[in-house]
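# Summary of structural features
Each chain is listed here by its residues.
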Amino acid sequence: SWQAYADQITQQGIANAALYGLDNAAEWAKSANNTGTSAEIQKILQHMSSQGTGRFTYGGRDFITLRNDGNVLYGKLGADGITCAKSGKALVVGVYDKNSQPGQCNNA
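Residues numbered from 1 in each chain as written. Predicted model: local features only at pLDDT ≥ 70, side-chain atom pairs only at ≥ 80, totals over all residues. Heavy atoms only, no water.

### Points about the packing of aromatic side chains
How two aromatic rings sit relative to each other is given by the distance of their centres and the angle of their planes. On inspection of all chains with the given rule, the structure shows 3 aromatic pairs. Summarising the aromatic geometry, the rings of Tyr20 and Tyr58 are spaced 6.4 Å apart at their centres and angled 90° between planes, so their arrangement reads as edge-to-face. Of this pair, Tyr20 sits in strand β1 (residues 16–21) while Tyr58 sits in strand β3 (residues 56–58), placing them 38 residues apart in sequence. Judged by relative accessible area, Tyr20 falls into the buried class, the value being 0%. Judged by relative accessible area, which is 2%, Tyr58 ranks as buried. Ring centres of Phe56 and Phe63 lie 5.8 Å apart, and the angle between their planes is 25°; this geometry places the pair in the stacked category. (Phe/Tyr/Trp six-rings, centres within 6.5 Å; stacked < 30°, edge-to-face > 60°. Helix = DSSP H or I, 4+ residues; strand = E, 2+ residues; numbered from the N terminus. Buried < 20%, exposed > 50% of the residue type's maximum accessible area, 1.4 Å probe, protein only.)

In structure tokens, the structure reads:
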């Protein structure tokens, strides 16, 4: 199941994770402590498509864009950060905090 995949990502040291459909930003699965919304994902997908460099919101938190090539988006907020990556028909989202390294999130 997609839920098992989201759970597997969090077991790799990531604070929380989620999967959303690329076509409609519908939530496929997310970890229990993830407060991200489909509405936020719609805006993130638009941000990625335009290769925007401004701020974006996920889980009610305002991230600074570090890098955005249209397929992968990296964001930062203090010691926390986020990676959003397009994969086939899904957008995979991983959020890390001060207890994990950014590289762990990127690899997951």
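Next comes the rest of the write-up.
### Structural notes on the nonpolar core
Judged by nonpolar contacts, the single largest core of 16 residues is most densely connected at Ile41, Ile44, Tyr58, Ile82, Cys84, Leu91 and Val93. Of all the secondary-structure elements, those providing two or more residues to this core are β1, α2 (38–49), β3, β6 (80–87) and β7 (90–96). If one sorts the elements of this core by residue count, α2 sits on top with 4 residues. Val93 has contacts with Asn16, Ala17, Ala18, Tyr20, Ile41, Tyr58, Ile82, Thr83 and Cys84, leaving out every residue within four places of it along the chain. Membership of the second largest hydrophobic core comes to 8 residues, among which are Ala6, Ile9, Leu19 and Ala29. (Core = buried A, V, L, I, M, F, W, Y, C linked by side-chain atoms within 4.5 Å. Contact = heavy atoms within 4.5 Å.)

### Focus: the side chain of Asp80
Tracing the backbone through its elements, the reader meets Asp80 in strand β6. Once residues lying within four places of it in the same chain are set aside, the contact partners of Asp80 are Arg61, Tyr96, Asp97 and Lys98.

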